[in-house]
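Structure assessment
Take a look at the letters that make up each chain.
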Amino acid sequence: MSNLSRWNKAKFTRSTQINAQAAKIEANRARYEAVAKKTGVPWDVIGVIHYRESSGSFAGVLHNGQKIIGTGKKTTLVPKGRGPFSSWEDAAVDALMNCHPYAGKNKDWSIAGTLDILERYNGLGYRNKGLPSPYLWAGTDQYVKGKYVADGKYDPNHVDKQLGVAPILMKIRENAPPAPAKPAPAPKPVQKPNAAPA
């Protein structure tokens, strides 16, 4: 089943947690929007990645959640050797523009395109097994169990306790006010033909 089909069918199974995480991301919207302006990645997508990678901690890098901001250290997990970073925003721009899956270069921010880039952010191991990724779907009825508990080590009985990014993104977008209507273009002035001399 495609991620778009799952999006259209998904029901929340942990609504209280989903609501709380969506509110936390919305409260930090200005920080996510600052990175969005530099990368072209929607602010809410940055927010859900931040939640999943570092539980929303601004001490953790968007790459993999390591708490190295302001320490002078580089990442030691995949992607290794990134940094050092003096701010969360600098690290986030690096993660989105210079690291796989290069989200800042993505041009398709439809629901299907967004879910695809989010799944690629974590890796396609679940897709390759024909399974829903908990990175996306934990907290919905689209995911029951099974998780990579370490790089390359899949446990079919492990249940991911962390929420997936899809239900949080759904909630944020449900809460978002509708986009303002675009004003109608101003009418063009009518040119009057030159009057003929009398």
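Before reading on, note that the structure itself is shown above.
Residues numbered from 1 in each chain as written. Predicted model: local features only at pLDDT ≥ 70, side-chain atom pairs only at ≥ 80, totals over all residues. Heavy atoms only, no water.

Turning our attention to the overall build of the protein chain. Tallying secondary structure elements over the protein chain gives nine helices and two strands in all. Here the protein chain, with 198 residues, has 42% of them falling under the buried criterion. The long-range fraction of contacts in the protein chain, counting pairs at least 24 apart against all pairs at least 6 apart in sequence, stands at 53%. Surface accessibility of the protein chain: about 11100 Å² in total, with carbon and sulfur atoms responsible for 55%. (Helix = DSSP H or I, 4+ residues; strand = E, 2+ residues; numbered from the N terminus. Buried < 20%, exposed > 50% of the residue type's maximum accessible area, 1.4 Å probe, protein only. Contact = heavy atoms within 4.5 Å. Areas by Shrake-Rupley, 256 points an atom, 1.4 Å probe, with all protein chains shown as cover.)

Taken as a class, soluble globular proteins show a tendency for nonpolar side chains to be buried jointly. In this structure, Ile-46, Leu-62, Leu-96 and Trp-137 are the most contacted members of the largest nonpolar core, which totals 39 residues. Apart from the residues within four sequence positions on either side, Leu-62 is in contact with Ile-46, Ile-49, His-50, Glu-53, Trp-88, Ala-92, Ala-95, Leu-96 and Tyr-121. Listed in part, the five residues of the second largest apolar core include Ile-68, Ile-69, Phe-85 and Ala-91. (Core = buried A, V, L, I, M, F, W, Y, C linked by side-chain atoms within 4.5 Å.)

A few words now on the packing of aromatic side chains. Under the defined criterion, the tally for this structure stands at six aromatic pairs. Ring centres of Tyr-32 and Trp-88 lie 5.7 Å apart, and the angle between their planes is 70°; this geometry places the pair in the edge-to-face category. Taken together, the positions of Tyr-32 in helix H3 (residues 29–39) and Trp-88 in helix H5 (residues 88–98) put the pair 56 residues apart, joining distant regions of the chain. Across the pair, exposure class does not vary: Tyr-32 and Trp-88 are buried alike. (Phe/Tyr/Trp six-rings, centres within 6.5 Å; stacked < 30°, edge-to-face > 60°.)

Further remarks concern the packing of helix H2 (residues 15–27) against helix H9 (residues 165–175). The contact between H2 and H9 brings their axes to 9 Å, and the two run at 65°. Between H2 and H9 lies a crossing of right-handed hand. Residues Ile-18, Asn-19, Gln-21, Ala-22, Ile-25 and Glu-26 of H2 form the contact with H9, whose participating residues are Pro-167, Ile-168, Lys-171, Ile-172 and Asn-175. Taken together, the residues that form the contact of H2 with H9 break down as six nonpolar, three polar and two charged. (Axes fitted to C-alpha atoms, helices over the stretch in contact; angles between N-to-C directions. Left-handed = near helix turned anticlockwise from the far one by under 90°. Nonpolar A, V, L, I, M, F, W, Y, C, P; charged D, E, K, R; others polar.)

Let us now look at the side chain of Arg-6. The topology assignment puts Arg-6 in helix H1 (residues 3–9). Sequence-distant contacts of Arg-6, that is, excluding residues within four places in its chain, are made with Met-1, Pro-132, Trp-137 and Gln-142.

One pass over the structure, following the stated rule, counts 10 salt bridges. Here Arg-173 makes a salt bridge to Asp-44, at a shortest N to O gap of 2.7 Å. Of this pair, Arg-173 sits in helix H9 while Asp-44 sits in helix H4 (residues 43–54), and the two are 129 residues apart along the sequence. On the basis of relative accessibility, which here comes to 28%, the residue Arg-173 falls in the partly exposed class. With a shortest N-O distance of 2.6 Å, Asp-94 and Arg-82 are connected by a salt bridge. Taken together, the residues span a long stretch of sequence, with Asp-94 in helix H5 and Arg-82 in the loop between H4 and H5 at a distance of 12 residues. On the accessibility criterion, Arg-82 (25% relative accessible area) is partly exposed. The network of salt bridges with common partners includes Asp-116, Glu-119, Arg-120 and Arg-127. (Salt bridge = Lys/Arg side-chain N within 4 Å of Asp/Glu carboxyl O.)

In this section: the environment of Ala-10. As for its position among the elements, Ala-10 is in the loop between H1 and H2. Sequence-distant contacts of Ala-10, defined by excluding residues within four places in its chain, comprise Trp-137, Thr-140, Asp-141, Gln-142 and Met-170.

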